[in-house]
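Okay, here's what each chain looks like letter by letter:
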Amino acid sequence: MLRGLLLFGALFASACARPSPPRAPARAPDVIVITVDTLRADRVGAYGYASARTATIDALARRGVRFANAITPQPRTTPALASMWTGLSPHRHGAREVLFPRRAGTTLAEVLAARGYATRAVSANRAASAETNLDTGFERFELRTGEDASVVTAVARELLDAPPEAPLLLWAHYLDPHAPYRAPDAAAAPETPACAAIQAEGRRAEMQTNRGGHSEAALPDCSRAYDAEIAWVDAQIATLLDALRAAGRLKRAFVVFTSDHGEGLGERGLWYEHGPNVHASNLDVPLSIGGPGIAGGGVVEVPVSLIDLAPTLLELLEVPPSERPTDVDGESVVPWLRGERAEPRRVVAEAADALIPEFAETLIAGHPTTGYCAHGATFALCWRSPREPATLHERASDPDHRADVSAAHPEVYDALTLVRARWAPRGTREHAVSDGRYKLVHRPRLEGGYARALYDRASDPGETRDVAEAEPAIADRLEAALEAWERQLPGRDPIALSPQQEEALRALGYIR
Ligand SMILES: [Zn+2]
């Protein structure tokens, strides 16, 4: 299709040519990649959100193909965007947590720079910058940490001064919907005092763990404030697209729109944060690709991951296989995008860490260097540093972990020490595999190994009802695929428990 269009263009040009100097061959298509940090798919109009103010993002989805079931491979910025640019899973490119540097893989920007592209980027998030090796391949990379979307658009416009004869790769990464939710557009931003109050300095743990019910009480306000941020970034993207059009960079461009991950708005106990789980609120991202040879208005239902984006663009751009990175985890979805293939696909994802030790929904939460806890049902065993002994805390009455009750509960202390021995601080992550309709989740268990749950996204888009018992064959099939993927993950084997230790855990209800 693409070649056909180019050929037709060439014939048309020669038919009405007047004598003139020979023209340079048409440059390769431009590539515009627009990413918005922390944008849940279900808050975008094209994904069915009734209250959406996303006219520009929706128009991009109509101009190209919209992927109805697109996910991030890990719901944090650096792992997700490193995967998007390299086609590698986080455990292969090395950035398995936010601000960890990418250490492997060839980026799409490197490939296109070698083909003569002007490669330019602007990012408002230092988690996506030179600090994390996400600038690799960009001849110019501008970081505007924490700046709002109007600044990102202004810098992106300055980057359009690339030589007009060179094709352009432009990446603009907006940060706005990331917490705190404070849209800069005073005229359009709603009053959201309850959200402003919980977003005050020093209340992060309280805000994210719903301590005292404050997070839940602020949800209507925070939800409107989140939407206002999205509306603001949508308007700034419109300005950027106008500038690209005026610069002649939209006519034959592939335009990609997506996000790095979603945002928890209370689902599964995750408030105003993303990372610790593999459910729709965290994983589902909007994704559309438009450009030469892509019929507008299409919808692809098979699941895709951000790790598929680089291989997909390389095929759309007709980059010869010899110039493409080999041994990537992603796959080109061009055959599905063009309707040439319909067979099912599967995508996998892993959660990130729960970074604050108090985070209650996660077995091991916190950071290995700054403190973490192993959470039982009633107690949390916490390590402040490798040199100090752990302290035990009653979770409900002492959420800030102030009173050490180790002396009163030595058996709980020993049991949670064993849990910690089985699970490394970075090892207790949820994993998921999805075929688009069904999602199977592996959740780490106190006693080691994983509990499984199956969700039917068609009837239960919020993924709240486990149907593994009702659909064992589907669960088995997906679980086998997930286990095959898990065998690739780095990490140590858990320690073996003695019969006495097992009995101790069973007595405490940790093993059934
Ligand atoms: Zn992010």
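That block above? That's the structure.
Cut-off values and rules
Residues numbered from 1 in each chain as written. Predicted model: local features only at pLDDT ≥ 70, side-chain atom pairs only at ≥ 80, totals over all residues. Heavy atoms only, no water. Helix = DSSP H or I, 4+ residues; strand = E, 2+ residues; numbered from the N terminus. Rg over C-alpha atoms; globule rule 2.2 N^0.38 Å. Buried < 20%, exposed > 50% of the residue type's maximum accessible area, 1.4 Å probe, protein only. Contact = heavy atoms within 4.5 Å. Pairing = 2+ DSSP bridges. Axes fitted to C-alpha atoms, helices over the stretch in contact; angles between N-to-C directions. Parallel < 35°, antiparallel > 145°, perpendicular 65-115°, else oblique. Left-handed = near helix turned anticlockwise from the far one by under 90°. Nonpolar A, V, L, I, M, F, W, Y, C, P; charged D, E, K, R; others polar. Donors = N, O, S within 2.8 Å, 3.2 Å for Na, K, Ca; no water. Tetrahedral: all angles 85-135°; square planar, octahedral: opposite > 155°, others 65-115°.

Trainee: I'd like a rundown of the overall build of the protein, residues and numbers included.
Mentor: If you tally the helices and strands in the protein, you get 16 helices and 20 strands. Relative to the 2.2 N^0.38 estimate, which gives 24 Å for 512 residues, the radius of gyration of the protein is 24 Å and therefore close to what a compact globule would have. The buried share of the protein, reckoned over its 512 residues, is 54%. For the protein, long-range pairs separated by at least 24 residues make up 66% of all intrachain contacts whose partners lie at least 6 apart in sequence.

Trainee: Explain the sheet that holds strand β20 (residues 450-456) to me, and be specific about the residues and the numbers.
Mentor: Strand order in the open sheet formed by four strands is β13-β18-β19-β20, with antiparallel pairing between adjacent strands. The outermost strands of the open sheet, each flanked by one partner alone, are β13 (347-350) and β20. For this sheet, the mean inter-axis angle between neighbouring strands, taken without regard to orientation, is 15°. Looking at chain direction, β13 and strand β18 (residues 431-434) are connected through four bridges and run antiparallel. What sits directly across from Glu350, in β18, is His431. Those strands touched by helix α15 (residues 472-486) are β13, β18, β19 (438-444) and β20, and its axis lies near 55° from that of β19.

Trainee: Go over the packing of helix α6 (residues 149-158) against helix α10 (residues 219-246) with me, naming the residues and quoting the values.
Mentor: Running from N to C, α6 and α10 cross one another at 10°; their axes reach a closest spacing of 9 Å. Considering the angle they form, α6 stands roughly parallel to α10. For the pair α6 and α10, the crossing hand works out as right-handed. In contact with Ala149, Ser150, Thr153, Ala156 and Arg157 of α6, α10 contributes Trp232, Val233, Gln236, Ile237, Thr239, Leu240 and Ala243. For the contact of α6 with α10, a count of residues per class yields seven nonpolar, four polar and one charged.

Trainee: Describe the side chain of Ser89, and please don't skip the residues or the numbers.
Mentor: Within the element layout of this structure, Ser89 appears in the loop between α3 (77-86) and α4 (90-93). Ignoring sequence-local partners within four residues, the contact set of Ser89 consists of Ser83, Ile307, Asp329 and Trp485.

Trainee: An account of unusual backbone geometry is needed here, citing residue identities and associated values.
Mentor: A cis amide bond, omega 0°, links Ala179 with the succeeding residue Pro180. You can see Pro180 is positioned in the loop between β6 (168-174) and α7 (193-198). If you check the backbone angles, Leu99 has positive phi at about 70° while not being a glycine. On the secondary structure map, Leu99 appears in the loop between α4 and α5 (108-114).

Trainee: Go over the coordination of the zinc ion, please, and point to the residues and values.
Mentor: The protein atoms that coordinate the zinc ion are Asp37 (OD), Thr77 (OG1), Asp260 (OD) and His261 (NE2), at distances of 2.0 to 2.1 Å. Each of the four donor atoms bound to the zinc ion contributes to angles spanning 98 to 127°, and the resulting shape is tetrahedral. Considered as a linear motif, the donors of the zinc ion on their single chain read D-x39-T-x182-D-H. We note that Asp260, like His261, is buried.

What is shown is where atoms sit, not what they do.
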